Amino acid sequence: MEAFLQAAAEFVVTDLELKAEPSAVTAAQRSLDESGLLLLGEVHGVRENPLLIRALMQVFGLTSLALEWPDDLAPAVAAFLATGTLADHPQLWPGDGRITAGHLAVLAECAAAGPFELTLFDGAIDAGWSWSQRDEAMAARILASGGIGTLAVAGNAHTPVSHTELGAPMGTYLAQRRPGVQEIRINYCGGYFYNFQPARFAPTGPHRGQIRLYEHNDALVIDLPSASEAVVPQRSQPCPPVHNAP
């Protein structure tokens, strides 16, 4: 915990030079106006993800954020935002990159700046639930929060607003209840991330070398030219004891 909090304290919260094309801003604002929501699909474990969240909240003047973090963490995170002290909790340590040192730094800045509403919308699932049932439950938690003007951030498998090969993503359930909601998908043009282990994005070819929000084939996209690996809390799981046969 000490090392993780130190990494959060050392994370420099800076303004990203996000170039937002007018047509994309108009489309994203329409999503907020019509549905009260804007979705952001990420790959977990990228250092720049919380800075992109911050940039979008600034562009659209948002003070409500929903994250794909376990809802059991809500009391601990609320206490951290109020006091700067984060209590240890088993669900801080999944290692999949959803939770990073940069997120803590950005959340602390948001809370200190004024009114700020945070919803954590992942949660326990019943045995035998399908992938789509988990996504339906996540959508229900976002809707139950009642937030209007909310940026909801999840892994990019969950944010499409139409069916995919995995089934019905969270975005489809939100679109049923909040027509007009749209997804912004982050396009990682290269670089590194951490998802249980260090990994690398395959280069996606030539790009403009700038962080850019734009429309492409009626979809909203942010190009991130180069991603860097985030500081992700992860604890190794103890090996089960070995019992020698008599």
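Residues numbered from 1 in each chain as written. Predicted model: local features only at pLDDT ≥ 70, side-chain atom pairs only at ≥ 80, totals over all residues. Heavy atoms only, no water.

J.: Please explain the overall build of the chain as it appears in this structure.
T.: Each helix and strand in the chain was counted, giving 7 helices and 10 strands. Here the C-alpha atoms of the chain give a radius of gyration of 18 Å, agreeing with the 18 Å that 2.2 N^0.38 yields for 246 residues. By principal-axis analysis of the C-alpha atoms, the chain measures approximately 70 × 40 × 40 Å. In the chain, buried positions account for 49% of the 246 residues. A fraction of 77% describes how many contacts in the chain between residues 6 or more apart in sequence connect residues 24 or more apart. Taking the average place of the 14 positive charges on the side chains of the chain and the average place of its 26 negative ones, the gap between the two points comes to 4 Å. (Helix = DSSP H or I, 4+ residues; strand = E, 2+ residues; numbered from the N terminus. Rg over C-alpha atoms; globule rule 2.2 N^0.38 Å. Buried < 20%, exposed > 50% of the residue type's maximum accessible area, 1.4 Å probe, protein only. Contact = heavy atoms within 4.5 Å. Lys, Arg positive; Asp, Glu negative; His and termini not counted. Charge placed at Lys NZ, Arg CZ, Asp CG, Glu CD.)

J.: What is the right way to look at empty space enclosed by the protein in this model?
T.: Unfilled space is identified by rolling a water-sized probe across the atoms. Under the definition given, this model contains 1 cavity of 30 Å³ or more. If you go around the largest cavity, the residues you meet are Glu42, His44, Ile53, Leu67, Glu68, Trp69, Arg98, His103 and Val153. Counting residues per element, the lining of the largest cavity draws most heavily on strand β3 (residues 64-70), at 3 residues. (1 Å grid on protein atoms, 1.4 Å probe; cavity = no way out; pocket = protein on both sides within 12 Å on 5 of 7 lines; lining within 4 Å. Points joined across faces, edges and corners; volume = space filled by probe spheres on them.)

J.: Would you mind showing me how to read the packing of aromatic side chains here?
T.: Two measures describe an aromatic ring pair: the distance that separates the ring centres and the angle between the ring planes. What the rule picks out here adds up to 3 aromatic pairs. Between the aromatic rings of Phe4 and Trp93, the centroid separation amounts to 6.4 Å while the plane-to-plane angle is 55°, which identifies the pairing as tilted. Highlighted residues: Phe4 in helix α1 (residues 2-10) and Trp93 in the loop between α4 (74-83) and α5 (101-113), separated in sequence by 89 residues. Ring centres of Tyr188 and Phe201 lie 4.6 Å apart, and the angle between their planes is 5°; on these two criteria the pair is classed as stacked. With Tyr188 in strand β6 (residues 183-188) and Phe201 in strand β8 (residues 198-201), this residue pair connects regions lying 13 residues apart in the sequence. Looking at Tyr188, the relative accessible area reads 5%, which means it is buried. One aromatic cluster in this structure is built from Tyr188, Phe193 and Phe201. The ring of Tyr214 has Arg212 sitting right over it, with the charged end atom 3.8 Å from the ring centre. It is Arg235 that lies over the ring of Trp93; its NZ or CZ is 3.8 Å from the centre. (Phe/Tyr/Trp six-rings, centres within 6.5 Å; stacked < 30°, edge-to-face > 60°. Lys NZ or Arg CZ within 6 Å of the ring centre and 35° of its normal.)

J.: Explain the environment of Gly97 to me, please; I cannot follow it from the model alone.
T.: As for its placement among the helices and strands, Gly97 is situated in the loop between α4 and α5. Residue Gly97 is classed as buried on the basis of its relative accessible area of 2%. Taking the C-alpha atoms as reference points, Gly97 and Leu18, separated by 79 residues in sequence, lie 23 Å from one another. Once you skip the residues sitting within four places of it in the chain, Gly97 turns out to touch His44, Gly45, Tyr194 and Val232.

J.: Please explain the packing of helix α3 (residues 49-60) against α5 as it appears in this structure.
T.: The geometry of a pair of packed helices is captured by two quantities: the angle between their axes and the separation between those axes. At their nearest, the axes of α3 and α5 sit 8 Å apart, and the two run at 25° to each other. Viewed along their axes, α3 and α5 adopt a mutual orientation that is roughly parallel. Contacts from Pro50, Leu51, Ile53 and Arg54 in α3 reach Gly102, His103, Val106 and Glu109 in α5. Among the residues making up the contact of α3 with α5, the classes are represented as 4 nonpolar, 2 polar and 2 charged. (Axes fitted to C-alpha atoms, helices over the stretch in contact; angles between N-to-C directions. Parallel < 35°, antiparallel > 145°, perpendicular 65-115°, else oblique. Nonpolar A, V, L, I, M, F, W, Y, C, P; charged D, E, K, R; others polar.)

J.: Can you help me understand the sheet that holds strand β4 (residues 117-122) in this one?
T.: Sheets are built from strands that pair by backbone hydrogen bonding, the pairs being arranged parallel or antiparallel. The 8 strands lie next to each other as β1-β9-β10-β6-β2-β5-β3-β4, forming an open sheet whose pairing is mixed. The strands lining the two open edges of the sheet, one partner per strand, are β1 (18-20) and β4. Taking each pair of neighbouring strands and ignoring which way they run, the sheet shows an average axis angle of 25°. Here β3 pairs with β4 via 5 bridges, running parallel. Opposite Leu65, over in β4, you have Leu118 as the bridge partner. Where helix α2 (residues 22-35) meets the sheet, its contacts fall on β1, β2 (37-42), β5 (150-155), β9 (211-216) and β10 (219-224), and the angle it forms with β2 comes to roughly 120°. (Pairing = 2+ DSSP bridges.)

J.: Would you mind showing me how to read the layout of surface pockets here?
T.: When its volume is computed, the largest pocket comes out at roughly 170 Å³. Lining the largest pocket we find Val161, Gln182, Glu183, Arg185, Asn187, Asp218, Ala219, Leu220 and Val221. Here the residues of the lining of the largest pocket sort into 4 nonpolar, 2 polar and 3 charged.

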